Amino acid sequence: MCSSDLCVKSIPPQDFYGLCAGSAISQMGSPGGSNSTMGIVVCLISLCAASAKGVVQKMIMSGTKDLKPLEPTQAMVWDCGISFIIMFFVWVFSTERDASLAYLKGQTGNPNSGLLALGIISFGSFLAFGFNLANYYYIHYTSALTMTIGSNGVKIFLLIISLLTGGGAVTTETLIGISIVILLLGEIIDDEPRHGVIY
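This report concerns the structure included in the present document. (Residues numbered from 1 in each chain as written. Predicted model: local features only at pLDDT ≥ 70, side-chain atom pairs only at ≥ 80, totals over all residues. Heavy atoms only, no water.)

1. Some thoughts on the overall build of the protein
Here is step 1 of the chain: Along the backbone of the protein there are eight helices and zero strands.
Here is step 2 of the chain: Traced from its N-terminal end to its C-terminal end, the protein shows the element sequence α-α-α-α-α-α-α-α.
Here is step 3 of the chain: Relative to all contacts within the protein whose residues are 6 or more apart in sequence, the contacts with residues 24 or more apart total 65%.
Here is step 4 of the chain: Looking at the protein as shown, the accessible area adds up to about 13,200 Å², and 70% of this sits on carbon and sulfur atoms. (Helix = DSSP H or I, 4+ residues; strand = E, 2+ residues; numbered from the N terminus. Contact = heavy atoms within 4.5 Å. Areas by Shrake-Rupley, 256 points an atom, 1.4 Å probe, with all protein chains shown as cover.)

Structure, rendered in structure tokens:
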């Protein structure tokens, strides 16, 4: 059982590697995308980074012997603040800076592009704030593993709906990858008492 300290939830390594492999295989046959090795490597790095983010969030909100835990709102302010500063510097030194400033000033074919940009930024920021706050509280009251499994489940659900509604050609690789991920998610959920996973 978990106490107030951070509870480590684990799944067998073969299940973790299977989830990564199934996710990569499901994207290999995607129409319009390249099947390069670099694309698969970037996808796997992204998958690992996204999984690690939830673990770090849980650790920050659970605290340690020496450090007090942060509330979800405090953790989100630090996370989003640091991300904003990093992305601001990326934007300042990017080639898109001049075009984005022109769009914000209305110096495009649409003289109202500045108002449109303000609306897009405001609405997008509002949605991102709500989404991030929900994620932090979700991880705070459950676990990082629950969040990872839930997000993978949603992605698989969206892939299946996309395939059924004609959103793309159904390839053998896509079906094999989706099947692997669904089977492993089912096994992880079914074996939760043996692996110490608490949802």
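2. Considerations on the packing of aromatic side chains
Here is step 1 of the chain: Applying the stated rule across the entire model yields four aromatic pairs.
Here is step 2 of the chain: Centroid distance Tyr 137 to Tyr 141: 6.1 Å. Interplanar angle 15 degrees. Geometry classified as stacked. With Tyr 137 and Tyr 141 both in helix H5 (residues 113-141) and four residues apart, the pair spans about one turn of that helix.
Here is step 3 of the chain: One aromatic cluster in this structure is built from Phe 84, Phe 88, Phe 89 and Trp 91. (Phe/Tyr/Trp six-rings, centres within 6.5 Å; stacked < 30°, edge-to-face > 60°.)

3. Here we look at the packing of H5 against helix H6 (residues 144-164)
Here is step 1 of the chain: For the pair H5 and H6, interaxial distance at closest approach is 7 Å and the crossing angle is 125 degrees. Between H5 and H6, the angle falls in the class oblique. The segment H5 lies against H6, with Asn 135, Tyr 138 and Ile 139 engaging Ala 144, Thr 146 and Met 147.
Here is step 2 of the chain: For the contact of H5 with H6, the class distribution of residues is four nonpolar, two polar and no charged. (Axes fitted to C-alpha atoms, helices over the stretch in contact; angles between N-to-C directions. Parallel < 35°, antiparallel > 145°, perpendicular 65-115°, else oblique. Nonpolar A, V, L, I, M, F, W, Y, C, P; charged D, E, K, R; others polar.)

4. What to know about the pattern of salt bridges
Here is step 1 of the chain: The tally for this structure, following the rule as stated, stands at two salt bridges.
Here is step 2 of the chain: Salt-bridge contacts for Asp 98 lead to Arg 97; the nearest nitrogen and oxygen are separated by 3.6 Å.
Here is step 3 of the chain: Classification of Asp 98 by relative accessible area gives exposed; the value is 53%. (Salt bridge = Lys/Arg side-chain N within 4 Å of Asp/Glu carboxyl O. Buried < 20%, exposed > 50% of the residue type's maximum accessible area, 1.4 Å probe, protein only.)

5. A look at the environment of Val 56
Here is step 1 of the chain: Among the secondary structure elements, Val 56 is positioned in helix H2 (residues 37-62).
Here is step 2 of the chain: With relative accessibility at 44%, the residue Val 56 sits in the partly exposed group.
Here is step 3 of the chain: In this structure, the C-alpha to C-alpha distance between Val 56 and Ala 144, residues 88 residues apart in sequence, is 8.5 Å.

6. A word on the nonpolar core
Here is step 1 of the chain: With seven residues, the main nonpolar core is built from Leu 145, Ile 149, Ile 156, Leu 163, Ile 178, Val 181 and Leu 185.
Here is step 2 of the chain: Listing elements by their share of this core, those giving two or more residues are H6 and helix H7 (172-190).
Here is step 3 of the chain: For this core, the element with the most residues is H6, which contributes four residues. (Core = buried A, V, L, I, M, F, W, Y, C linked by side-chain atoms within 4.5 Å.)

7. What about the side chain of Ser 113?
Here is step 1 of the chain: Structurally, the position occupied by Ser 113 is in helix H5.
Here is step 2 of the chain: Of the residues examined, Ser 113 reaches a relative accessible area of 0% and is grouped as buried.
Here is step 3 of the chain: For Ser 113, the side chain forms a polar contact with the main-chain oxygen of Tyr 103, separated by 2.8 Å.
Here is step 4 of the chain: Ignoring sequence-local partners within four residues, the contact set of Ser 113 consists of Tyr 103, Gly 106, Gln 107 and Thr 108. (Polar contact = N/O pair within 3.5 Å; in protein donor to acceptor, adjacent residues only side chain to side chain.)

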